[in-house]
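Residue-level structure breakdown
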Amino acid sequence: MTFSQILAEIFSGQNLAILGAALAATLAGIGSAKGVGIVGEASSALLQEDPSKFGKALLLQALPGTQGIYGLVTAFLILFKIGVLGTPIELTIAEGAYFLMASLPIAIVGLFSGIAQGRVAAAGISLVAKRPGESFKAVTSAALVETYAIFALLVSLLAILLF
Amino acid sequence: MAISKMYRFSAVTLRSGAESLSAGLQRLRCVDIVTAPTSENDCGFAPNRCPEKTSALSAEASRASAAEAFLAGYVTKKKSFLSAPDEIALDSLTDSFRRRCAKTVSRALELQSEVKAEAAQLQSLKNELAALAPWEDFRHEVPESRTCSTASVSGTLSAKINTAELGSALTELACVIEELKRTDSEVFIRMTAYKDDFSKALSVLNSFGFIMCPCKATAAEGFAEGKMRRTEALIKKAEDKLTALNEEAKALAERHGDTELYIDLLMTEAAKREAEDSFAVSERTVVVTGWVPAEDIDRVSKFLDERGDAYSFEDAGCDPEAPIKFKNGAFAAQFEPVVELYSPPAYGSFDPTSIMSFFYFIIFGLMLADVGYGLLLSVICFAALKLMRPEGNMKKMLTMFGICGISCIVMGVLFGGYFSDAPQIIMENWFGIEDPPDFALLFNPLTSPIPFLAVSLGVGAVHLITALSIKFYVLWKRGKKLDAICDQGSWIVLFLGIGLFLIIKEAGLVLTAIGVLMLICTQGRHEKNIILKVFKGVASLYDIVSYFSDLLSYSRILALGLASMVVGSVFNILGGLPGLSVIGIIVFFVIFTIGHLLNMAVNLLGTFVHTSRLQYIEFFGKFYEDGGRMFAPLTPRSKYVRFK
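Residues numbered from 1 in each chain as written. Chains lettered and ligands numbered in written order. Predicted model: local features only at pLDDT ≥ 70, side-chain atom pairs only at ≥ 80, totals over all residues. Heavy atoms only, no water.

Within chain B, the secondary structure is distributed over 21 helices and 13 strands. With the C-alpha coordinates aligned to their principal axes, the bounding extent of chain B is approximately 130 × 85 × 55 Å. Of all 644 residues assigned to chain B, the portion counted as buried reaches 48%. Looking at chain B alone, contacts between residues at least 24 apart form 80% of all its contacts between residues at least 6 apart. Accessible area of chain B: about 31,500 Å², with a carbon and sulfur share of 62%. (Helix = DSSP H or I, 4+ residues; strand = E, 2+ residues; numbered from the N terminus. Buried < 20%, exposed > 50% of the residue type's maximum accessible area, 1.4 Å probe, protein only. Contact = heavy atoms within 4.5 Å. Areas by Shrake-Rupley, 256 points an atom, 1.4 Å probe, with all protein chains shown as cover.)

Written out as structure tokens, the structure reads:
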């Protein structure tokens, strides 16, 4: 088997599509993990002082977790479409690359918006600490960051669904 | 619109009647008491502060809380957290009840310290007994005893000690070591020496790691054995005492509920006390000021007439200090907490709750268009309402989510979501039906996302135009008719034109052109220079970008709807993989239950947050004037029960 044959085997249409699914799940997942982690660190400092605010802190901590779910949704849709979970369909390299590219918006935006949302939510934890009655405002401002992950998800989903 | 008209209320009463006045207002629950003007404003009145009473109340409250926590440990019948709190008539609580509760609290706190002391005593006796036990067999005093010329000491050495070495270290000294007992780890010894050499011998022993017997027993006490018997008797006594104390605490815990009620009573009194702090007093009289909503004026006047106090009500007009009390229909009222979470509207401004509630209902359903999730949500919320009978915002929020669940059910029927695609998966995997039918009345967003995107953006367009219309209405009502027509009217015309263009091309085009023309002609009207007028008018068209981005923001309805459907479908597929068998069905239900509960929880959070966001940013952003303060009447305050 020559090197070019190996390359052709690796970069088959099917594999390119799976690479897309993997990128969506991985990068968006990393973004969420980092985001949730940042908020978690901030909230345990708050909970030391006042464990009764767990519910509010948990709500804020859950927010940056959605990017990972969006990545997962995209990854699963790609897997459905190329028949990994049913009867696999033959994909040309160009078709595989189509899925790979379709996954990029949520993969990239999910990574960065997850971290950014985590930072906003972590700052919101201090709002919860000082003025628990206003905590929903912290939730709203964290949700603003998520908007762009939602748009990215939308582009990815539309591209995949309309294939 | 739907904000209660407020009246500034003031009343004057004699100083002796101040407490009964505040107590009466507290029962009426409709007066928001604010600080009355005092001598700082040169009217001869002094603030009615009484820190002693306040601190006495809070001290008693913390004692009661401590007693409650202590008694809670002895309560045999625990309340389920789902049960509703008892309803108690505040007037039924007499002074004798209070005194009885205060006694219970005192006795509970005494018991607490007695139990603590007795338990500590018991522990130290047990420690002593354990320390004495190894010395039980020996008939000599521990740890030390003396004759006129000798002294002895008892204790332990490590079993690993080199006895020969110890012996040689002690050869110079007039002393003897008896080995009394040997266990695997230690040697029990008694060292006797002439008084002169005793301290030296002891220091040699110490250098070998000698540990003196930690307890004391003299000949008079009957050596270790006698002392142990006595200690055992003491332990028995302490245990009996502790049992008796615990029995008493258990009996006292029968009154745990009363203690909770007492705490609530104290909290209510503290609330009343806080209100009294805002009164202003002169030598003989007390002045009370506050806010009363228009609908409650009759009740307050009746109460004050009966007392014979002087009072007045004054229309708040457009006083920005006036608090906000929503007045909405049964449906819209449930959505008030959403507005409140953003920020209460300014007094005298437009309350969007009723219009918002309609959009909230629709958008919530579109984002979570699933019959299964909607049904679960409604059932959980309405069951919680039934069981816990919460009050205030908690009650409203639960009702709101219950109502939104109905919206989810309706949208689920329209767009074919039944726990995502559970029916299709079951048909395919269990009954082998190829290409199962779709249950969507309209279309399934998963197979036709573009029509669903159109629906999302359509709802968004209506939402945005409604927001502009509200601003138009508000400006028009305030007499700024020109601003209303120029700033809002022209945009409304422009958007209606674009909308119409999708149906009738020519008419839409004309209407759009009129809108554009209106904008160009009017948006520069504050400029004097004709060139600037035109320039500003044309530049204002650039705002279409921001409206466009607002509109696109509604595409999240599609994205969130799809996300919940796809994740739900993943769980269905995973559950359906084993196929139709006993194990297959069990696996299916386990994955189905856990997966869908998880998916529902995550998406419920997302739907709530993002539906609210669409209201806050896209809708409220166009017209909302915030900065109000919620109406906070003086009411009984409670944690455990509910005062009627």
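Another aspect to go through is the overall build of chain A. Helix and strand counts for chain A stand at six helices and zero strands. The N-to-C order of helical and strand elements in chain A reads α-α-α-α-α-α. Based on the C-alpha atoms only, the size of chain A along its principal axes is roughly 65 × 30 × 25 Å. Looking at chain A as a whole, 46% of its 163 residues qualify as buried. Taking the 8 positively charged and 8 negatively charged side chains of chain A as two groups, their mean positions are separated by 15 Å. (Lys, Arg positive; Asp, Glu negative; His and termini not counted. Charge placed at Lys NZ, Arg CZ, Asp CG, Glu CD.)

Turning to the domain arrangement of chain B, a few remarks are in order. Assigned domains within chain B: domain 1 (143–214) and domain 2 (333–429 + 449–623). Taken over C-alpha atoms, the centre of domain 1 of chain B sits 89 Å from the centre of domain 2 of chain B. (Domains from an automatic or database assignment.)

Take the side chain of B:D32 next. Residues and elements named next belong to chain B. For D32, the location among the structural elements is in strand β2 (residues 32–34). Here R629 takes part through its side chain, which lies 3.1 Å from a polar atom of the side chain of D32. Those residues in contact with D32 that sit more than four places away from it in its chain are T289, G290, W291, P323, R629, M630, F631, A632 and P633. (Polar contact = N/O pair within 3.5 Å; in protein donor to acceptor, adjacent residues only side chain to side chain.)

Attention shifts here to a nonpolar patch on the surface. All names here are of chain A. A cluster of nonpolar side chains, M1, F3, I6, L7, I10 and F11, forms an exposed patch at the surface whose accessible area comes to about 630 Å². Within the element layout of this structure, F3 appears in helix α1 (residues 3–10). You can call F3 exposed: its relative accessible area is 60%. (Patch = residues over 30% accessible without salt bridge, like charges linked within 9 Å, V, L, I, M, F, W, Y side chains within 5 Å. Salt bridge = Lys/Arg side-chain N within 4 Å of Asp/Glu carboxyl O.)

All right, on to the interface of chain A and chain B then. The interface is formed by 25 residues belonging to chain A together with 31 residues belonging to chain B. Around 2,400 Å² of area is buried between chain A and chain B when both sides are counted, 86% of it from carbon and sulfur atoms. The interface formed by chain A and chain B includes zero salt bridges. Where chain A touches chain B, the interface holds four residue pairs in polar contact (both at pLDDT 80 or more). Looking at the side of chain A that touches chain B, the elements that each hand over two or more residues are α3 (54–62), α4 (66–81) and α6 (135–161) of chain A. (Buried area = accessible area lost by both parts, 1.4 Å probe.)

Residue and element names in this part refer to chain B. Overall, the coordinates contain 41 salt bridges over all chains when judged by the stated rule. One salt bridge connects D309 with R307, and the closest N-O pair in it is separated by 2.7 Å. Through salt bridges with shared partners, one network takes in E19, K53, K272, R273, E276 and D277.

Moving on, we come to the environment of A:G110. Relative to the elements of secondary structure, A:G110 occurs in helix α5 (residues 93–130). On the accessibility criterion, A:G110 (0% relative accessible area) is buried.

Residues and elements named next belong to chain B. In this model, the largest pocket occupies a volume close to 1,300 Å³. For the largest pocket, the lining is made up of 37 residues, of which E391, G392, N393, M394 and T635 are closest to its centre. In terms of residue count, helix α13 (residues 392–415) provides more of the lining of the largest pocket than any other element does, four residues in total. Residue composition of the lining of the largest pocket, grouped by class: 17 nonpolar, seven polar and 13 charged. Within this model, the second largest pocket holds a volume of roughly 1,100 Å³. (1 Å grid on protein atoms, 1.4 Å probe; cavity = no way out; pocket = protein on both sides within 12 Å on 5 of 7 lines; lining within 4 Å. Points joined across faces, edges and corners; volume = space filled by probe spheres on them. Nonpolar A, V, L, I, M, F, W, Y, C, P; charged D, E, K, R; others polar.)

Right, let's get into empty space enclosed by the protein. Enumeration over the complete set of coordinates arrives at two cavities of 30 Å³ or more. Quantified by volume, the largest cavity comes out at close to 70 Å³. Classifying every residue of the lining of the largest cavity gives eight nonpolar, two polar and one charged. Approximately 50 Å³ is the volume found for the second largest cavity. Secondary structure elements with two or more residues in the lining of the second largest cavity: α4 of chain A together with α20 (556–576) and α21 (582–623) of chain B. Within the lining of the second largest cavity, the residues separate by chemical class into five nonpolar, three polar and no charged.

All names here are of chain B. Axis separation between helix α11 (residues 353–367) and α13 bottoms out at 7 Å; the angle between their running directions is 55°. Compared by their axis directions, α11 and α13 come out oblique. The chirality of how α11 crosses α13 is right-handed. On α13, the residues that touch Y360, F361, I362, F364, G365 and L366 of α11 are M400, F401, I403, C404, S407, C408, M411 and F415. (Axes fitted to C-alpha atoms, helices over the stretch in contact; angles between N-to-C directions. Parallel < 35°, antiparallel > 145°, perpendicular 65-115°, else oblique. Left-handed = near helix turned anticlockwise from the far one by under 90°.)

It is worth spelling out the pairing of strand β11 (residues 285–293) of chain B at this point. Residue and element names in this part refer to chain B. Taking burial as the measure, the nine residues of β11 include eight buried ones, the bulk of the element. Bridging between strand β1 (residues 6–14) and β11 involves nine bridges; their strand directions are antiparallel. By the bridge assignment, V12 is partnered in β11 with V287. As judged from the three bridges shared by β2 and β11, these two strands associate in the antiparallel manner. For D32, the partnering residue across the bridge sits in β11 and is W291. Of the strand pairs in this sheet, strand β10 (residues 280–281) and β11 are connected by two bridges, and their pairing is antiparallel. (Pairing = 2+ DSSP bridges.)

Glancing now at helix α7 (residues 256–277) of chain B. The terminal C-alpha atoms of α7(B), which comprises 22 residues, lie 31 Å apart, in line with the 32 Å expected from a rise of 1.5 Å per residue. The element α7(B) is extensively covered by neighbouring structure, given that 16 of its 22 residues are classed as buried. (Expected span 1.5 Å × (residues − 1).)

The next point concerns the environment of B:G584. Residue and element names in this part refer to chain B. Looking at the element boundaries, G584 is found in helix α21. Judged by its relative accessible area of 1%, G584 falls in the buried class. In sequence terms G584 and W430 are 154 residues apart; their C-alpha atoms lie 9.3 Å from each other. Not counting the four nearest positions on each side in its chain, G584 is found in contact with G575, P578 and G579.

Turning to the nonpolar core, a few remarks are in order. In this structure, A:L60, B:M356, B:Y360, B:F364, B:M400, B:F620 and B:F623 are the most contacted members of the largest nonpolar core, which totals 55 residues. With nine residues, α21(B) is the largest single contributor of residues to this core. Setting aside residues no more than four positions away along its own chain, B:M356 makes contact with B:F335, B:V338, B:V339, B:Q615, B:F619 and B:F620. One finds A:I78, B:F415, B:A559 and B:L614 within the second-largest nonpolar core, a separate group that totals 47 residues. (Core = buried A, V, L, I, M, F, W, Y, C linked by side-chain atoms within 4.5 Å.)

Okay, the packing of aromatic side chains next. Inspection of the entire model under this criterion finds 43 aromatic pairs over all chains. Here A:Y98 and A:F99 contribute two aromatic rings whose centre-to-centre distance is 5.8 Å and whose plane-to-plane angle is 90°, an arrangement assigned as edge-to-face. Between B:F359 and B:F619, the aromatic rings sit 5.9 Å apart at their centres with planes inclined by 50°, giving tilted as the arrangement. Remark: B:F619 occurs in helix α21 and B:F359 occurs in helix α11; sequence separation between them is 260 residues. In this pair, the class of B:F359 matches that of B:F619, namely buried. Across from the ring centre of B:F188, 5.0 Å away, lies the NZ or CZ of B:K181, which sits over that ring. (Phe/Tyr/Trp six-rings, centres within 6.5 Å; stacked < 30°, edge-to-face > 60°. Lys NZ or Arg CZ within 6 Å of the ring centre and 35° of its normal.)

Turning our eyes to something else, we now look at the confidence of the model for chain A. Looking at chain A, the pLDDT average stands at 90 and 100% of residues meet or exceed 70. Of all helices and strands in chain A, the one with the weakest mean pLDDT is α3(A) (84), whereas α5(A) scores best (94). (pLDDT = per-residue confidence, 0-100.)

Before going further, it helps to spend a moment on the side chain of B:S357. Counting through the fold element by element, B:S357 comes out in helix α11. Ignoring sequence-local partners within four residues, the contact set of B:S357 consists of B:F331, B:A332 and B:F335.

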